[in-house]
Amino acid sequence: MQRFVAIIAFALVCAVPAAFAQQPIVIKFSHVVAVDTPKGKGAEYFKKLAEERTYTQNIPFTDRADYLAAMSNNLGVCLTAERLAGVEVPDRASYLRVIFAELQRIASHAMANGTLVSDAGAWQTPLLYMFREREKILDLFEMTAGARMTTNYMRIGGVAFEPPPEFYPAVEALVTRMLATPDTLAARAREALKSPKQ
């Protein structure tokens, strides 16, 4: 009697958009036999571009490193440069940075939760509801920074410019509406998961 041994090799693609790398994994009877982890080409490109630029000139690259967290990435590079240089940030700029980073986090989580529920079998309706919420946040980014996804808003020592006067009522309206939204979205997701697929 011959024994059959199956060895499966596949490539796990990195989830970070800038990585552009595959993770070759060899599996033998559900045990990982070998893992080769090459460095992503995107990371190399960013590194090479950053070597010849100032910290401020590198901020736009952080937008493109992860399209779902541009403001958060801007904040990370600015905080790093500020700590290295000992730069003090005014309180108002710090508050604005936190507001924008939190809005970015909510927008990113809206996309993640929408795709999760869609992958769980609720089809596209919950995804579109979450995209609608994300779009409202991106409207605020566009109102302030002039761009929706690649904002380039944070600066070392503060922010690029003051939000327009209509920004603050728009944020208040968004937060008020979103506080009521989770129960509605959860109910719609449960309903979509129960309904038969057509």
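Here the structure is a predicted model, which means the values were calculated and not measured.

Regarding helix 3 (residues 70-85)
Helix length check: helix 3 (16 residues) gives 23 Å between terminal C-alpha atoms against 22 Å at 1.5 Å per residue, within 8%. Along helix 3, the positions that sit buried rather than exposed are Ala 70, Met 71, Asn 74, Leu 75, Cys 78, Ala 81 and Glu 82. All buried residues of helix 3 fall inside an arc of 135° around its axis, so they share one side. Turned more than 90 degrees away from the buried face of helix 3, the exposed residues are Arg 83 and Leu 84. On its buried side, helix 3 packs onto helix 2 (55-65), helix 4 (91-122), helix 5 (125-145), strand 4 (154-155) and strand 5 (158-159). Taken from the residues just after helix 3, Gly 86 is the one with a positive phi, measuring 70°.

Describing helix 5
Here helix 5 is 21 residues long and its end C-alpha atoms lie 30 Å apart, about the 30 Å a rise of 1.5 Å per residue gives. Among the residues of helix 5, those classed as buried are Pro 126, Leu 127, Met 130, Glu 133, Arg 134, Ile 137, Leu 138, Leu 140, Phe 141, Thr 144 and Ala 145. An end-on view of helix 5 places all buried positions within 145° of arc, on one side of the element. Directly after helix 5, the chain includes Gly 146, whose backbone phi takes a positive value near 85°.

Some remarks on the confidence of the model for the protein
Per-residue pLDDT for the protein averages 80, and the proportion of residues at 70 or more is 72%. Ranking the elements of the protein by mean pLDDT puts strand 1 (residues 7-13) last with 50 and strand 5 first with 96. Below pLDDT 50 for its whole length, residues 17-22 participates in 23 contacts with residues either more than four positions away or in separate chains.

Here we look at the nonpolar core
Membership of the largest hydrophobic core comes to 21 residues, with the highest contact counts inside it found for Phe 100, Leu 103, Phe 141, Tyr 153 and Met 154. Of all the secondary-structure elements, those providing two or more residues to this core are helix 3, helix 4, helix 5 and helix 6 (167-194). Once residues lying within four places of it in the same chain are set aside, the contact partners of Phe 100 are Met 71, Phe 141, Thr 144, Tyr 153, Met 154, Pro 163 and Phe 167.

Observations regarding the side chain of Thr 62
With respect to the element layout, Thr 62 can be found in helix 2. Excluding anything up to four places from it in sequence, Thr 62 contacts Asn 73, Asn 74 and Val 77.

Structural notes on the packing of helix 4 against helix 5
At their nearest, the axes of helix 4 and helix 5 sit 8 Å apart, and the two run at 165° to each other. By the angle class used here, helix 4 and helix 5 are roughly antiparallel. Once helix 4 is placed against helix 5, the crossing between them reads as left-handed.

Some points on unusual backbone geometry
Within the chain, Asn 152 stands out as a residue other than glycine whose phi angle is a positive 50°. By the secondary structure assignment, Asn 152 is in the loop between helix 5 and strand 4.

What to know about the environment of Arg 132
Here Arg 132 is to be found in helix 5. Between the C-alpha atom of Arg 132 and that of Ala 107, which follows or precedes it by 25 residues, the distance is 9.8 Å.

Considering the pattern of salt bridges
Enumeration according to the criterion identifies ten salt bridges in this entry. Here Arg 92 ties to Glu 162 by a salt bridge, and the two come within 2.3 Å at their closest N and O atoms. Of this pair, Arg 92 sits in helix 4 while Glu 162 sits in the loop between strand 5 and helix 6; the two residues are 70 residues apart in sequence, bridging distant segments of the chain. You can call Glu 162 partly exposed: its relative accessible area is 42%. The residue Arg 177 makes a salt bridge to Glu 133 at a minimum N-O spacing of 2.9 Å. In this pair, Arg 177 sits in helix 6 while Glu 133 sits in helix 5, placing the two residues 44 residues apart along the sequence.

Considering the packing of aromatic side chains
Counted according to the given criterion, the structure contains five aromatic pairs. Taking the centre distance of 5.3 Å and the plane angle of 85° together, the rings of Phe 167 and Tyr 168 count as edge-to-face. Clustering of aromatic rings is evident, with ring pairs tying together Phe 100, Phe 141, Tyr 153, Phe 161, Phe 167 and Tyr 168.

Cut-offs and rules
Residue numbers restart at each chain and count upward from 1, following the sequence in its written direction. Given that this is a predicted model, residues contribute local features only at a pLDDT of at least 70 and side-chain atom pairs are listed and counted only at 80 or more, while totals for whole chains, interfaces and linings are drawn from all residues. Neither water nor hydrogens contribute to the side-chain values; these are computed over all heavy atoms in the structure. Secondary structure elements are taken from DSSP: a helix is a run of H or I of four residues or more, a strand is a run of E of two residues or more, and numbering for both begins at the N terminus. Take the residue count of a helix, subtract one, and multiply by 1.5 Å to get its expected span. Only protein chains enter the accessibility calculation, which uses a 1.4 Å probe; a residue whose area is less than 20% of its type maximum is buried, one above 50% is exposed, and one in between is partly exposed. Within this analysis, the arc is defined by the directions that extend from the helix axis to the C-beta atoms. Only heavy atoms matter for contacts: two residues are in contact if any of them lie within 4.5 Å across the pair. Per residue, pLDDT measures the predictor's confidence, with a range of 0 to 100. We call a set of buried Ala, Val, Leu, Ile, Met, Phe, Trp, Tyr and Cys residues a nonpolar core when their side-chain atoms join them within 4.5 Å. An axis is simply a line fitted to the C-alpha atoms; with a helix, the fit covers only the stretch in contact. Between two such axes, the angle follows the N-to-C directions and lies from 0 to 180 degrees. We call two directions roughly parallel when the angle between them is under 35 degrees, roughly antiparallel when it is over 145, roughly perpendicular when it lies between 65 and 115, and oblique otherwise. Each crossing is labelled by how the near helix is turned from the far one, with a counterclockwise turn of less than a right angle marking it left-handed and a clockwise turn marking it right-handed. By definition, a salt bridge exists where a carboxyl oxygen of Asp or Glu is found within 4 Å of a side-chain nitrogen of Lys or Arg. Pairing of aromatic side chains requires ring centres within 6.5 Å, counting the rings of Phe and Tyr and the six-membered ring of Trp. Pairs whose planes differ by under 30 degrees are stacked, by over 60 edge-to-face, and all others tilted.

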